[in-house]
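Now for the letters of each chain:
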Amino acid sequence: MMRSGTQVIKVLLVDSDPEYGVDIFDRLREFDFDSVWCKSINEGLERLESEVFDLVFFDLSDFSKKQRQFVTICQEKNPKSMLIGLQSAFDRDLAASALDAGLYRVLTKPFHPMEFSSLVRDVKEILEVRKELARLKGVIQSDQSDSHFIAPSAAMNRITKLVEKISDYKTTCLIEGESGTGKELVAHLIHRSSSRRDQKFIAINCGAIPENLLESELFGYVKGAFTGAEKDRKGIFEEVDKGTLFLDEIGEMPLALQAKILRVLQEDEIRRVGGVAPIHIDVRIIAATLKDLSEEVKAGRFREDLFYRLNVLPIHIPPLRQRKEDIPHLVDHFVQKENQIMNLTVQGLDIDALSAVMEYDWPGNVRELENAIERAMILTNDEWIRVEHLPNFVHNVFRTKRRRVTDVSIEIEENLSIKDQIRRIEIDLITKALQKTKGNRTQAAKILEISHRSLLYKLKEYELADLLPSQGPGSRSSTKNDA
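Reading guide: rules and limits
Residues numbered from 1 in each chain as written. Predicted model: local features only at pLDDT ≥ 70, side-chain atom pairs only at ≥ 80, totals over all residues. Heavy atoms only, no water. Helix = DSSP H or I, 4+ residues; strand = E, 2+ residues; numbered from the N terminus. Buried < 20%, exposed > 50% of the residue type's maximum accessible area, 1.4 Å probe, protein only. Contact = heavy atoms within 4.5 Å. Pairing = 2+ DSSP bridges. Axes fitted to C-alpha atoms, helices over the stretch in contact; angles between N-to-C directions. Right-handed = clockwise from strand over helix to strand, strands pointing away. Phe/Tyr/Trp six-rings, centres within 6.5 Å; stacked < 30°, edge-to-face > 60°. Arc of directions from axis to C-beta. Core = buried A, V, L, I, M, F, W, Y, C linked by side-chain atoms within 4.5 Å. pLDDT = per-residue confidence, 0-100. Expected span 1.5 Å × (residues − 1).

Draft legend 1. Molecular detail of the overall build of the chain. Per the secondary structure count, the chain includes 19 helices and 14 strands. Relative to its full complement of 483 residues, the chain shows a buried share of 45%. Looking at the chain alone, contacts between residues at least 24 apart form 71% of all its contacts between residues at least 6 apart.

Draft legend 2. Molecular detail of the sheet that holds strand 3 (residues 55–59). As summarised here, the arrangement of the 5 strands in space is 2-1-3-4-5, forming an open sheet in which the pairing is parallel. The open sheet terminates on both sides in strands that have one partner only, identified here as strand 2 (34–38) and strand 5 (105–108). The mean inter-strand angle of the sheet, taken between neighbouring strand axes irrespective of direction, is 15 degrees. Of the strand pairs in this sheet, strand 3 and strand 4 (residues 82–87) are connected by 5 bridges, and their pairing is parallel. By the bridge assignment for strand 4, Phe58 is matched with Gly85.

Draft legend 3. Expanded view of unusual backbone geometry. One non-glycine residue with positive phi stands out, namely Lys242, at about 80 degrees. Locating Lys242 in the fold gives a position in the loop between helix 9 (236–239) and strand 8 (244–248). If you check the backbone angles, Asp268 has positive phi at about 55 degrees while not being a glycine. For Asp268, the location among the structural elements is in the loop between helix 10 (255–267) and strand 9 (269–270). Taking the relative accessible area as the measure of exposure, Asp268 reaches 25% and is therefore partly exposed.

Draft legend 4. The sheet that holds strand 11 (residues 284–289), seen in detail. Pairing within the open sheet is parallel, and its 5 strands lie in the order 7-8-11-6-12. Since the sheet does not close on itself, it has two edges, and those belong to strand 7 (201–205) and strand 12 (313–316), each with one partner. Each neighbouring strand pair of the sheet contributes to a mean axis angle of 20 degrees, computed without reference to strand direction. Bridge count between strand 6 (residues 173–176) and strand 12: 4 bridges; the pairing is parallel. The partner of Ile175 across the bridge, within strand 12, is Ile315.

Draft legend 5. Here's a closer look at the pairing of strand 4. Summarising burial for strand 4: 6 of the 6 residues are buried, a large majority. The alternating pattern of strand 4 places Met82, Ile84 and Leu86 and Leu83, Gly85 and Gln87 on opposite faces, both of which are buried. What joins strand 3 to strand 4 is helix 3 (residues 65–77), and the crossover it makes is right-handed. As paired elements, strand 4 and strand 5 share 4 bridges and run parallel to each other. In the strand pairing of strand 5, Gln87 is matched with Thr108.

Draft legend 6. Geometry of the packing of aromatic side chains. By the definition in use, this model includes 10 aromatic pairs. Each ring, one from Phe57 and one from Phe116, has its centre 5.6 Å from the other, and the planes form 40 degrees; the classification is tilted. Residue Phe57 is found in strand 3, and its partner Phe116 is found in helix 5 (residues 113–137); the two are separated by 59 residues along the sequence. You can call Phe57 buried: its relative accessible area is 0%. In this structure Phe116 comes out as buried when scored by relative accessible area, which is 0%. Between Phe201 and Phe246, the ring centres sit 6.4 Å apart and the planes meet at 20 degrees, which makes this aromatic pair stacked. You can see Phe201 sitting in strand 7 and its partner Phe246 sitting in strand 8, a full 45 residues away along the chain. With respect to class, Phe201 is no different from Phe246; both count as buried.

Draft legend 7. Representation of the environment of Cys38. Inspection of the secondary structure puts Cys38 in strand 2. Judged by its relative accessible area of 1%, Cys38 is buried. Separated by 23 residues in sequence, Cys38 and Asp15 have C-alpha atoms that sit 6.5 Å apart. For Cys38, the contacting residues outside a window of four places in its chain are Leu12, Leu13, Val14, Asp15, Glu43, Gly44 and Arg47.

Draft legend 8. Quick look at helix 2 (residues 41–50). Those residues of helix 2 not exposed but buried are Ile41, Gly44, Leu45 and Leu48. Projected down its long axis, helix 2 shows its buried positions confined to an angular sector of 100 degrees, all on one face. Those residues of helix 2 that are exposed and angled more than 90 degrees off the buried face are Glu46, Glu49 and Ser50. Elements that come into contact with the buried residues of helix 2 comprise strand 1 (10–14), strand 2, strand 3 and helix 3.

Draft legend 9. How the structure looks around the nonpolar core. Leu218, Phe237, Leu245, Leu247 and Ile261 are the most contacted members of the largest nonpolar core, which has 29 residues in total. Elements with a minimum of two residues in this core: helix 8 (211–219), helix 9, strand 8, helix 10, strand 11, helix 11 (293–298) and helix 12 (304–310). No other element matches helix 10, which puts 5 residues into this core. If near-sequence neighbours (up to four positions away) are discounted, Leu218 is found in contact with Ile204, Gly235, Ile236, Phe237, Leu245, Leu247, Met253, Leu257 and Ile261. One finds Leu320, Ile327, Met342 and Leu390 within the second-largest nonpolar core, a separate group that totals 26 residues.

Draft legend 10. Geometry of the confidence of the model for the chain. The share of residues in the chain with pLDDT of 70 or more is 85%, and the mean pLDDT across the chain is 82. Looking across the chain, the model is least confident in helix 16 (residues 392–414), with a mean pLDDT of 58, and most confident in strand 11, with 96. Counting interchain partners and residues more than four positions distant, the pLDDT-below-50 stretch residues 403–413 has 4 contacts.

Draft legend 11. Focus on the environment of Leu262. Mapped onto the elements, Leu262 comes out in helix 10. Residues Leu262 and Leu310 lie 48 residues apart in sequence; the distance between their C-alpha atoms is 8.9 Å. Sequence-distant contacts of Leu262, that is, excluding residues within four places in its chain, are made with Arg303, Asp305, Leu306 and Arg309.

Draft legend 12. Structural detail: helix 6 (residues 154–166). Under the 1.5 Å per step criterion, the end-to-end length of helix 6 is 19 Å for 13 residues, consistent within 8% with the ideal 18 Å. Summarising the contacts, the buried residues of helix 6 are in contact with strand 6, helix 7 (183–192), strand 11 and strand 12.

Below is the structure:
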């Protein structure tokens, strides 16, 4: 399924074995990939510092700490990159560990040429679809993206109301949250809800631009300021004048540049690199970070005065694992959006698949969930997404829980005594209530919704007195503990 206008697919091969390395590299070139071959993990890591790859083949070896670091960096550079591990001999545990870490497939050498070609064709198909989707997403109305974080949970409703209240003030906002929670989307919503909505919104990742380029990108430069500065050039601050500038990952900004950002916030003016004349600007700055900036201040990596200047209106976006009630609504939104983009008629997730996405903690948050739904919609052949269409690390969690539930069911089936089952449940509930109240029986009875006398009776019946904390020598009763 070739599509016109798709971008070149970049492939990284990391393998020290010259025999298989040459064979794989030659086969990759048959698919018109832009391929790079590195002979070691260290060489591969150096490549990743300057390039982003869509597809990565690498020798698993023993899946060492260095190789795990390599996988993490690949995923951080391009969350949608597809990683394929290469084994010299099949090792089930090693393969399972690699798949859990996010690899798409694990191949064992020597592999059949037909197997390799079939795999690469499938991967190429998925990558081409993804690239086309990325192009199409750029033309979707911006207000659709709000649904990434506008969801029924109380936490997200509070954020929406806060955005409505602060949007028309120029006061600086600091958006905090883990990667993938939707910090840039909140910044977009603030901009679109404000009187600056018809002006520019520019987002810049402070950690993605080399330190020596970041200052000139932000402030511009004058002719002759440095080698290659052949004419005056506006910076982003001037380009976004009257609009909104979103400084993502501001915790990565060098200390020297932090001082200049502080001056912008205090004086509403900038100076180009190499220039002396101040230039007045009117820019609303929104910053975001996944770091704890207060801790960065203590460590001396972030200016205290800039932190307090940014932290006037803090907005904290909780991770998805703390607001799982949002997941079904987000899933429905992503399914409908991808249906529109890919011209599909997928109805949604079946019961098991929905259970799987609800069980998984989504460390990559909303972005990871969206990528998983997009992948599943590419792989499904009917109207429903099933567990097998979800990434391995999602349905592995589901399978583990299902095994636990099955084990409990077997235990119950082997002992059909209602009395014994009730006894087991009551002991479990009483134990948890006493642990929660640190042995306070009065409070525990309230939690269990039984009388204090009933609780005392059950403690004696089930011989649970040992669960209570010691009252100390000479104590006559638990009266103080229950006060």
